[in-house]
Structures are given as C-alpha cells and as structure tokens.
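# Chains, contacts and geometry: an overview
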Amino acid sequence: STSTECKLHEIRIMAMGPFLLSGFPGLEDSHPVISILFCVLYLIALMGNITILVVIKVERSLHTPMYFFLSMLAASDLGICATTLPTLLKLFWFNVREIDFDACLIQMFFIHVFSLMESGILLTMAFDRYVAISNPLRYTTVLTDSTIAKIGVGLLLRAVAVIFPGPFLIKRLRFCKANVLSHSYCLHPDIIKLSCSDHRINSIYGLIIILITFGVDSVLILLSYLKILITVLGIASREEQFKLKAFNTCASHICAVFILYVPMIGLSLVHCFAKHSSPFFHMNIANIYLLVPTVLNSIIYSIKTKQIRQGFLRVLSRKRIVYCFDLCIHFLHSKDNLFRIS
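What counts as what
- Residues numbered from 1 in each chain as written.
- Predicted model: local features only at pLDDT ≥ 70, side-chain atom pairs only at ≥ 80, totals over all residues.
- Heavy atoms only, no water.
- Helix = DSSP H or I, 4+ residues; strand = E, 2+ residues; numbered from the N terminus.
- Buried < 20%, exposed > 50% of the residue type's maximum accessible area, 1.4 Å probe, protein only.
- Contact = heavy atoms within 4.5 Å.
- Areas by Shrake-Rupley, 256 points an atom, 1.4 Å probe, with all protein chains shown as cover.
- Core = buried A, V, L, I, M, F, W, Y, C linked by side-chain atoms within 4.5 Å.
- Disulfide = S-S within 2.5 Å.
- Salt bridge = Lys/Arg side-chain N within 4 Å of Asp/Glu carboxyl O.
- UniProt positions renumbered as here; feature names shortened; annotations may be inferred.
- Expected span 1.5 Å × (residues − 1).
- Polar contact = N/O pair within 3.5 Å; in protein donor to acceptor, adjacent residues only side chain to side chain.
- Axes fitted to C-alpha atoms, helices over the stretch in contact; angles between N-to-C directions.
- Parallel < 35°, antiparallel > 145°, perpendicular 65-115°, else oblique.
- Left-handed = near helix turned anticlockwise from the far one by under 90°.
- Nonpolar A, V, L, I, M, F, W, Y, C, P; charged D, E, K, R; others polar.
- Phe/Tyr/Trp six-rings, centres within 6.5 Å; stacked < 30°, edge-to-face > 60°.

### Points about the overall build of the protein chain
What the protein chain contains, in helices and strands, is 12 helices and two strands. Tracing the protein chain from N to C terminus, the helices and strands come up as α-β-α-α-β-α-α-α-α-α-α-α-α-α. The buried share of the protein chain, taken over its 342 residues, is 43%. In the protein chain, once contacts between residues fewer than 6 apart in sequence are set aside, the share between residues at least 24 apart is 80%. For the protein chain, the exposed area adds up to about 18600 Å²; of that, 71% sits on carbon and sulfur atoms.

Here you go:
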C-alpha cells in the first residue's frame, strides 16, 4: 500500500509538472530563421486587425451592424495572437520549451474560447448579410445597437460556458512520463493524448463541443448563404446591380468562413485518424489552424471591403493634415522667437 501511495504521489507531481512544447522537429537549428517568418505573419495580423478596429472606431459612417460584427472578429483574432505569440517567441528565440501545467491549461482555455467566439461571430455576420439582403427595410430595426451588444455578450458567455469544464476535466487525468506536446501551443486533443489514464470522457466532451458549436454554426452559416443566394437569384432579373452588390458584400464573409473551418476540420481529422503521422505534419496543421485565419482575415477585409480602404485613407489624410498643421505652428513659433531675439 505504501508503494502504491508513493506511485500515486509521483503521478500527481508529474501531472503538475511542466509540458514541453514542440517546435519544428528536425529543424531546431533553424528556429531563429523560422521565427522571422512567424514574426512577420504575426505583425501583419496585429497591424491589420488593429487598423480595422481603429478605422471602424474613427469613421462614423462605419458604425453599422456589419462593421460592429467585423470589429468583434478583429478583436477575437487579436485575442488569439496575444494568447499564442509569447510561447511561440520564447520557443523560437530562446529555445524555452517548458510551459507550466496550469499555464498550459490557461492558454488552452483562451485559444478555444477565442476560436469558438470567431465561429459564432461568423454566424452572426452571415445572419447580418441575410437580413440586409432579404429584408433591407427592417435591417436597422432588427439589428439595433442594443441587440448587437447582447449578441456580443452572448457569444462570449457561450464560449466561456462551453470551454470552462475543459481544464477541470484535464486536471482529473493522470500523466505519467510522456509530457511532450505535438504543437507549439496547448490544445485540448494534444494534452489528453499524453494521459496514461482513461480519457474517454474528455474525448466525448471534445466531440460534443465540436458538434454543438462549430458543427451547428457551420450548418446555419450554410443555410444563411443558401437563402441569400435564393433571394438574390429571385430578384436578379429586376435588380441586376443589387445582385452584384450583394455578392460583393458576401464574398469576404465566405472567404473568412472557409479560412476558419477548413483548417479546423483538417486539425480534427489529423487528431482522429492520423495520430501516428509525422510530428512535422501535426505542427504545420496546428499553425495553419491558429495563424492563417488571424492573418488572412485582416488582409481580406482590409483589401476586399471598399469602405475599410476608404476609411483607412481618410484616417491617414487626417493624420497627415494634423501633422502638417503642427509643423507649421512649430515653424511660425520658432520664427517668432527668432525675431524677438534679433
């Protein structure tokens, strides 16, 4: 009995010990070079999403439901960047692979919360386009500011409530000797794979989460765009110009949906059916899942959305005018002081 208690005590200590994050297996010497690429991508994601938030904040003409939802999407992308960037830079720059058990659970929690929020935001954006195209006269009465605020709070509460049990379900597991994660981040399927105890409850929990959140969201998004397509085709003969405008406003949203769901489905399939594939493959799938949407969303909405481009140029013009005005004031003030000295 004493030896059994010692083994259980040892297991508990190991469970609270650090995990080891994986970089690019076999390319450890190239991590500083690889980090340059990741820094550039993260910089694009940060600058792009911050630009979207600033432009929507400054431009009053963009204070509409569509752009409020877009600002929510940009904020969730920034949340993913803030959650994953520190550990990635520590790993690539300083070769710090260790991450504390509780810190790993916290990172896992926020990664999944922001991912789930992004899925919900894309669903609301699809609903926004459906209302705007199918019933434009009621658009402003259906999606009021208070309704948008309630939707945002609801999406946050849904994500937190659904992901909240995850860390506690992991804490009940036993971890023996294996502590090397397959990715540079802490993800739920990756952590439970290291457990030496029965983790069927965790696997069922993860599957249910995917089905009732991402699965339901994707089906509703598909139905929304099918309804939009039917509506647009029904009025195409009378309003050809409106048809083209409708497709243009939906194009960015459809791209964002594919960018989020395709890597997520790929990562889920890898964890389910390709567990014994190379670590390099696992690593790339995880990076695509977390990094590509945050980078491409900002690029797509900044380039594809005409109002964002024009708003950004107006903000730059205002900054330039203010800067020139300050230079003129400074010059006149210096000249006045020079005359006084003379």
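### What about the nonpolar core?
Counting 69 residues, the largest nonpolar core has Phe-38, Tyr-42, Leu-70, Leu-122, Met-125 and Ile-221 as the members making the most contacts within it. Looking at this core, the element that brings in the most residues is helix 4 (residues 101-134), giving 14 residues. Excluding residues within four positions of it along the chain, Tyr-42 makes contact with Cys-81, Thr-84, Leu-85, Leu-88, Tyr-185 and Leu-291. Grouped together as the second largest cluster of nonpolar side chains are 15 residues, Leu-105, Leu-173, Ile-191 and Ile-192 included.

### Describing the state of the cysteines
Using the criterion set out here, one finds one disulfide in the structure. Each sulfur in the disulfide pair Cys-104 and Cys-186 lies 2.0 Å from the other. Measuring the twist about the S-S bond at about -120°, one finds the Cys-104-Cys-186 disulfide to be left-handed. Linking Cys-104 in helix 4 with Cys-186 in the loop between helix 7 (165-171) and helix 8 (188-192), this pair joins segments that are 82 residues apart in sequence.

### Here we look at the pattern of salt bridges
Per the stated rule, a full pass over the model turns up five salt bridges. Asp-102 is paired through a salt bridge with Lys-171; the nearest N and O atoms lie 2.9 Å apart. Placement of Asp-102 in helix 4 and of Lys-171 in helix 7 is noted, with a sequence separation of 69 residues between them. For Asp-102, a relative accessible area of 31% corresponds to the partly exposed category. Measuring nitrogen to oxygen at the nearest pair gives 2.9 Å for the salt bridge that ties Asp-128 to Arg-129. Owing to a relative accessible area of 1%, Asp-128 belongs among the buried residues under this scheme.

### Observations regarding the UniProt feature "transmembrane region" (unreviewed entry) in the protein chain
Sequence positions flagged by UniProt for "transmembrane region" (unreviewed entry) are, in local numbering, residues 33-56, 68-93, 105-127, 148-170, 204-226, 246-269 and 281-303. What you have in residues 68-93 is 100% helix and 0% strand, and the ends, taken at the C-alpha atoms, are 37 Å apart.

### Quick word on the environment of Val-55
In this structure, Val-55 sits in helix 2 (residues 31-58). Note on Val-55: relative accessible area 1%, which makes it buried. Taking the C-alpha atoms as reference points, Val-55 and Phe-312, separated by 257 residues in sequence, lie 5.8 Å from one another. Ignoring any residue separated from it by four or fewer positions in sequence, one finds Val-55 in contact with Leu-62, Ile-308, Gly-311 and Phe-312.

### Focus: helix 4
Along an α-helix, residues three or four positions apart point the same way, because every turn accommodates 3.6 residues. In a regular helix each residue adds 1.5 Å, so 34 residues correspond to 50 Å; helix 4 covers 50 Å between its end C-alpha atoms and thus fits that length. Burial within helix 4 is extensive, with 27 of its 34 residues counted as buried. For helix 4, the N-terminal cap is Asp-100; the gap from its side-chain oxygen to the backbone nitrogen of Asp-102 is 3.2 Å.

### Side note on the side chain of Asn-297
Considering the arrangement of structural elements, one finds Asn-297 in helix 11 (residues 279-304). The class of Asn-297 is buried, set by a relative accessible area of 2%. In this structure, Asn-297 is in contact with Leu-73, Asp-77, Glu-118, Ala-256 and Ile-259, ignoring residues within four places of it in sequence.

### A closer look at the packing of helix 3 (residues 65-94) against helix 4
Helix 4 packs onto helix 3 with a crossing angle of 165° between their chain directions and a minimal axis gap of 9 Å. Comparing their axes, helix 4 and helix 3 come out roughly antiparallel. Helix 4 is crossed by helix 3, and the crossing has left-handed handedness. Classifying every residue of the contact of helix 3 with helix 4 by side-chain character gives 13 nonpolar, eight polar and four charged.

### Comments concerning the packing of aromatic side chains
Considering all chains together, one arrives at nine aromatic pairs under this definition. Relative to Phe-94, the ring of Trp-93 lies with its centre 6.4 Å away and its plane at 85°, an arrangement referred to as edge-to-face. On the accessibility criterion, Trp-93 (46% relative accessible area) is partly exposed. On the accessibility criterion, Phe-94 (59% relative accessible area) is exposed.

### Structural notes on unusual backbone geometry
Not every positive phi belongs to a glycine, and Asn-95 is a case in point at roughly 55°. Here Asn-95 is to be found in the loop between helix 3 and strand 2 (98-99).

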